[in-house]
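Residue-level listing of the chains:
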Amino acid sequence: MGAQHAAPLGQDQLLANVRYEHIHIDGIVQGVGFRPFVYRLAKRYGLRGWVRNSSQGVDIRALGNGSLLDDFAVSLSTEVPPLARITNIRRETLPPDGHDLPLDFVIVESKDESGFTLVSPDVATCKDCLRELFDPNDRRYRYPFINCTNCGPRFSIIQSLPYDRPNTTMRIFPMCDDCRGEYEDPMNRRFHAQPNACPACGPEVWLEVKPAWKSIVPQDAVDDIARAAALLRNGAILAIKGLGGFHLACDATNQAAVAKLRERKTRPHKPLAVMAQNLDAVRECCVLSAEEESLLTSPAAPVLLLMPKLGHNIAPNVAPGQRTIGVMLPYTPLHHILLRDAGRPLVMTSGNRQDEPIARTNEEAREKLDSIVDGYLWHNRPIYNRIDDSVWIPSQVGAFPIRRSRGYVPYPIMLNFESPETVLAVGSQMKNTFCLLDSHYAFLSQHIGEMDYLGTWQFFSESAGRFMNLFRLHPSVVAYDMHPDFGETAEAALASLPGLEDARRVQIQHHHAHIASCLAENGVAGPVIGLAFDGTGYGSDGTIWGGEFLLADLRGYERIGHISTFPLPGGDTAIRNPYRTALALLHRAFGDVPEEVNFWKRVPEVERNLILAQAEKGLNAPLTSSCGRLFDAVSAMLEICSDSTYEGQAAIELEAQAARVKHVEPYFVEPKMDAFGTLLLPAETVFRIVTEDFVAGMPAAVVAARFHRTMVELSLMAVEMLSRKYGVREIVLSGGCFQNRILLEGLAGGLKRRGFKVYTHHNVPPGDGGISLGQAVVASIRH
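In this report, the structure presented in the accompanying data block is examined. (Residues numbered from 1 in each chain as written. Predicted model: local features only at pLDDT ≥ 70, side-chain atom pairs only at ≥ 80, totals over all residues. Heavy atoms only, no water.)

Considerations on the pattern of salt bridges
In this structure the tally under the stated criterion is 45 salt bridges. For Arg142, the salt bridge goes to Asp341, with nearest N and O atoms at 2.7 Å. Taken together, the residues Arg142 in the loop between helix H4 (127-133) and helix H5 (177-183) and Asp341 in helix H10 (residues 333-342) connect sequence positions 199 residues apart. Taking the shortest distance from any N to any O, the salt bridge between Arg403 and Asp388 comes out at 3.6 Å. (Salt bridge = Lys/Arg side-chain N within 4 Å of Asp/Glu carboxyl O. Helix = DSSP H or I, 4+ residues; strand = E, 2+ residues; numbered from the N terminus.)

Brief notes about helix H13 (residues 484-494)
The α-helix winds at 3.6 residues per turn, so residues separated by three or four positions along the chain end up facing the same way. Phe486, Gly487, Ala490, Ala493 and Leu494 are the residues of H13 that are buried. Viewed along the axis of H13, the buried residues span an arc of 120°, placing them on a single side of the element. For H13, exposure combined with an orientation more than 90 degrees from the buried face picks out Glu488 and Ala492. Check the buried side of H13 and you find it contacts strand S16 (413-425), helix H12 (454-470), strand S18 (477-481) and strand S19 (504-508). (Buried < 20%, exposed > 50% of the residue type's maximum accessible area, 1.4 Å probe, protein only. Arc of directions from axis to C-beta. Contact = heavy atoms within 4.5 Å.)

Details of the pairing of strand S8 (residues 246-251)
The element S8 is largely enclosed, with a buried count of six among its six residues. Inspection of the sheet shows strand S7 (residues 238-241) paired to S8 by four bridges, in the antiparallel sense. Among the inter-strand pairings, Lys241 is bridged to a residue of S8, identified as Phe246. Connecting S7 to the next strand, S8, in antiparallel fashion are four residues, including Gly245 with a positive phi near 155°. In this structure, S8 lies alongside strand S12 (residues 346-350), joined through five bridges in antiparallel fashion. By the bridge assignment for S12, Asp251 is matched with Leu346. (Pairing = 2+ DSSP bridges.)

Looking at the sheet that holds S12
Hydrogen bonds between backbone groups are what pair the strands of a sheet, and the pairing can be parallel or antiparallel. Taken in spatial order, the ten strands make up an open sheet running S6-S13-S7-S8-S12-S9-S11-S10-S14-S15, and their pairing is mixed. Two strands close off the open sheet at either side, each with one partner strand: strand S6 (205-209) and strand S15 (400-403). Across three bridges, the pairing between strand S10 (residues 303-306) and strand S11 (residues 325-328) is antiparallel. Paired with Leu304 across the bridge in S11 is Val327. On the sheet, helix H7 (residues 255-265) packs against S8 and S12 and is oriented at approximately 145° with respect to S8. (Axes fitted to C-alpha atoms, helices over the stretch in contact; angles between N-to-C directions.)

Here's the deal with the sheet that holds strand S2 (residues 48-54)
Spatial ordering of the open sheet is given by S4-S1-S3-S2-S5, a layout of five strands whose pairing is mixed. At either margin of the open sheet sits one strand with a lone partner, and together these are strand S4 (85-94) and strand S5 (105-107). On average, each strand axis in the sheet is inclined to that of its neighbour by 15°, with strand direction left out of account. Where S2 lies against S5, three bridges are found, and the strand directions are parallel. Within the sheet, the bridge partner assigned to Gly49 lies in S5 and is Phe105. Each of strand S1 (18-28), S2, strand S3 (57-65), S4 and S5 touches helix H2 (residues 34-44); the most contacted strand, S5, lies at about 175° to it. Against the sheet, helix H3 (residues 66-78) engages S1, S3 and S4, with an angle of about 150° to S3.

Remarks on helix H20 (residues 683-695)
For H20, spanning 13 residues, the distance from its first C-alpha to its last is 18 Å, which sits close to the expected 18 Å at 1.5 Å a residue. By the burial criterion, the buried members of H20 are Ala683, Val686, Phe687, Ile689, Val690, Thr691, Asp693 and Phe694. Buried residues along H20 sit against strand S22 (557-563), strand S23 (566-567), helix H16 (578-590), helix H18 (627-637), strand S26 (679-681) and helix H21 (700-726). A positive backbone phi angle near 110° is found at Gly697, which sits one or two residues after H20. (Expected span 1.5 Å × (residues − 1).)

Here we look at the side chain of Ser635
With respect to the helices and strands, Ser635 occurs in helix H18. What Ser635 contacts, discounting residues up to four positions off in sequence, is Ile640, Cys641, Ala650 and Leu654.

Observations regarding the pairing of S7
Residues Leu238 and Ile240 of S7 are buried on one face, and the alternating residues Ala239 and Lys241, pointing to the opposite face, are buried as well. For S7 and strand S13 (residues 375-379), the ladder comprises three bridges, and the chain directions are parallel. Looking across to S13, one finds that Ala239 is bridged to Tyr376.

Nothing here speaks to function; it is all geometry.
Quick look at the structure:
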């Protein structure tokens, strides 16, 4: 709608219906070309007034014909720039006399006020900038920091609001006359593009190579990016400074280079992400649907787990034991140039030592990565907020993130209720994120990581403090996981953040937070039957939960079913060595371990005896109902993975084997009720039948497929029984085990066919990366 489509108004009509309005707009409206958009609309409708950024959003004062003002307001919400997201528009009529508006419509200086506005995530390079980047006649030809209001760094460089250049790390680069002219021209797409720069005035890139590789560097290459590409083609490993931190890069088609990277990084099996030059390059190695193509080419440009094609050229040790390869497209100009020059896919994995935060500064990269790399591709644009790549999984129930970070953070999850208090939820031990909840905005942080390291806790404190400062929020409630060890460590980290001493503390049970996270994301209050399947979570009875059926809403829960408990001999050691759990389950299922089972024979006799003694006597062998640990044990028993070098490896490789086999029948197992009326999925019975099938000669992949199908059918039967008992037909699936597509798609599809309403994750990770959202929401509801 707009004036250009309305019947023209005569001069008398225009003068007769003069109205003066203040319009305030909330949402992502800074750093996305919103003010020039408003300026052009105002010119179209013949309005007088101004537009400006404030720390609360965008403010407009406009004087003009009332009908045209109405059309203007409609166009504000229907013709928004591609990166803008409006959450609210407020209009207020002011007295038409006494104003001091300019005779035209102008863009005025930003105003810093109390309150906050939303901040844009970092955005992948747009098509216009990409065209200029590779145009030899353009002044930004091959300039690795080209950007405009439709693309480029945002969250990674912003230090405070409003989003103006002095409040970003780009303040140290004064613009040349040409860039300043673009920056100040409302009709230019670089109008107030805060990172705007060119080779004459902006950041620069340079290559540093260790002596052993200097002879390989081609001196006649056009620039240092071309030289870096040549090194990568020759098998080098480079640390490359990107948007939110460093990548470790090597040739993804070179098995020896990948092996060298794995050895130096001490990452023997965990899959590595691959960056491909364009969609054609992705199609050469992976099957690609229209939905997957759309996600890959979106402004967020995440890593996407794709099914590989037969005969692809990606080295097999990039993703050993996996059914998918993690692939992304270039999302910065530097990446685009590098991938074009390299002429092949590159490994682009996080620039860190194992499980530590991604390196942010040049000094940190040199300290942490020097033993891994053969050289560095540096640049001098400072990164303020470190942020790792996002990772998504496509599925039959829709794509969902398993790591929500670059391209999505700090845009909030919008809730359908308003929190009465500001809450800081600190997440959990693994795949940590935190969440700041205020009003109906839930600001989920970037990926923080594994909380076993001091450096990760320092990253947590740094990022939480920066979120609180950026959005000017002062939490009155702090929510955290009820595991006693985690709570103590979290309190030590929170002590460095001012203003939290008097905040009320709330403990939230791990699996209730999983269910609440999915409820909040889907705008559902409950009650629901929630299936919280994961690896580890501290239960209210002091045992380790992980295969839970909860009758839950946002306020509370009741545990109405679970996988029957079994011991974890050695506790955390059993998680790293799944054969320990498998041996304990074998002993429980059979008494004497069957002679035909082979995996345990590789365990030294002394260790075997210790494991069995621990399991029998409960010595350092906590009981668990964990779905993830049961999958681990089956993987070990089937000789697929007996030792895990990263979290979830055994279960992931079990799924990969199961995915090779189609149309298998489940084993016949039924849920049962214990003496207290709690429904149980019998872990020992399942494990015994699976073992018998395997020792009878059934291939491991077939047994793995039948096991998956059995867990799906068992869970479906359990939900049917619980639904009849409690009269609830809405089901939530959450927890890290629902990253397993066989389990997720089997359960979601089976439940829908049975007439249940099923809620799954689509914008928040189902694993522990989403748990802070659930903690925040539950804490808010319990005020």
